[in-house]
Amino acid sequence: MPDYDVSAALDTDYYAAFEDLPAEDRAHWDRARAFSEEALPQMNEYWDRAEYPLHLVKRMGELNLLADGIGVPGLEPMSPLAAGLVNMEISRCDGSLGTVVAVQGGLALRSIAFHGSEEQKERWLGPLARGEELGSFALTEPDHGSDSVSLETTARRDGDEWVLDGEKKWIGNGASGGITVVWARDEEGSVRGFLVPQDTPGYEAEVIEGKGSLRAIHQARIRLQGARIPAENVLPGAKTFKDTSKVLVATRLGVAWSALGHATAAYEAAVTYAGQRVQFGKPLAKFQLVQDRLSQMLAELTSMQLHCVHLARLDTEGRMRPTQASMAKYHNTRKARFIASTARDLLGGNGILLENHVVRHMMDIESIHTYEGTESVQALLIGRDVTGVGAFA
């Protein structure tokens with residue numbers, strides 16, 4: 001048995017940002033909360049063993065927690081705010097599971113919903129949203145992360161087929177079975193999306209080992225060597241990198257929500273621990289320095305909440321600009337790092353124990369701080385918007 005119980009959700013909402021949620025949005029959040037309570041007792045062991053709990057992916061699909069706001073026939077609609085709340089709640093439980101939502105719904109499902117043919121949508125949207133099939137999004141390459149526009153994977157037409165060659169890296173679900181949305185340049189230099197079943201000859205993927213972050217989801221390194229797919233597997237709506245970016249912008253706000261979930265878990269663990277841990281004859285919560293640190297953490301957490309809620313409203317109204325999503329990610333992942341680091345310090349030696357959850361969130365935040373565009377890239381996007389001058393190399 002753990003010495004301290006710091007896993008309970010406290011529903012921290014100092015500015016009442018979530019006070020007047022529509023009933024439909026609250027119902028999605030409640031469903032995600034019920035799932036989190038089911039999954040949390042399992043996640044430390046999966047994280048520690050670097051094993052991927054695919055049964056929980058299926059469970060999220062059964063509960064309609066994977067669609068990330070994408071309309072899927074037969075499933076209850078989810079507003080941008082509801083999608084954010086689900087992302088936040090699942091990330092409060094575990095970052096690997098939050099990344100499943102980002103990959104399965106945010107990237108793979110959204111690519112097909114935005115750019116797929118009607119036949120592709122009919123075939124894939126439902127199975128992906130219900131967790132019956134796994135989906136991945138293969139853009140990042142070993143030599144092209146932040147400069148993904150420079151991707152080198154190629155696609156050439158050969159009769160009724162396309163032939164893909166190249167490498168991809170850090171691809172969630174890329175070696176787990178299912179379908180991969182591979183982004184490649186065609187012979188005219190256009191960036192196109194291709195639906196590649198992972199059992200396609202010439203598609204080789206291996207799980208990346210040795211990770212210190214997001215250990216309970218498998219990311220893959222993929223090699224495409226003459227992988228042939230039929231012409232009907234091309235996403236007809238994707239012709240340029242701007243089409244790819246449309247998917248990335250939509251998921252960037254999801255990363256801000258995910259960071260909020262991680263930070264909430266770390267902050268609430270620190271508050272609970274401060275009330276339980278006794279030192280020098282009194283609970284930590286009675287020390288001035290501890291109260292000061294908790295106040296700092298709460299101020300940052302509240303700011304993160306306001307970023308997310310306001311941008312969800314702009315997104316609902318169709319008024320969210322790409323650089324606003326960049327600002328939310330830039331702000332929230334930075335603040336999540338601070339909150340998790342402070343919480344780990346407040347827990348002392350107990351802060352490095354998985355049973356107290358904080359160190360798992362602290363390490364997982366390192367991944368979300370980087371993916372969907374690093375801090376530096378987001379800063380340059382914002383800076384270009386502010387000054388009108390691009391500072392990219």
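Right, let's walk through the structure included here. These numbers were taken from a predicted model, which means no experiment stands behind them.

## Let's talk about the pattern of salt bridges
Pairing between side chains of opposite charge can happen when their charged atoms approach one another. Counted according to the given criterion, the structure contains 24 salt bridges. Among the ionic pairs, R33 bridges to D11, the shortest N-O distance being 2.8 Å. With R33 in helix α1 (residues 23–49) and D11 in the segment before α1, this residue pair connects regions lying 22 residues apart in the sequence. Residue D11 is classed as partly exposed on the basis of its relative accessible area of 46%. Between R228 and E161 there is a salt bridge, with the nearest N and O atoms lying 2.9 Å from each other. Note that R228 is positioned in strand β7 (residues 219–230) and E161 in strand β3 (residues 161–172), a separation of 67 residues in sequence. Here the salt bridges share partners, and the residues they tie into one network are D11, R33, E89 and R92.

## Things to note about the pairing of β7
Sheet analysis places β3 next to β7, joined by 10 bridges and oriented antiparallel. The residue of β7 that forms the bridge with V163 is R228.

## Side note on the environment of L54
With respect to the helices, strands and loops of the structure, L54 is situated in helix α2 (residues 54–62). You can call L54 partly exposed: its relative accessible area is 37%. Along the primary structure L54 and V100 are separated by 46 residues, whereas in three dimensions their C-alpha atoms are 9.9 Å apart.

Rules used throughout
- Residues numbered from 1 in each chain as written.
- Predicted model: local features only at pLDDT ≥ 70, side-chain atom pairs only at ≥ 80, totals over all residues.
- Heavy atoms only, no water.
- Salt bridge = Lys/Arg side-chain N within 4 Å of Asp/Glu carboxyl O.
- Helix = DSSP H or I, 4+ residues; strand = E, 2+ residues; numbered from the N terminus.
- Buried < 20%, exposed > 50% of the residue type's maximum accessible area, 1.4 Å probe, protein only.
- Pairing = 2+ DSSP bridges.

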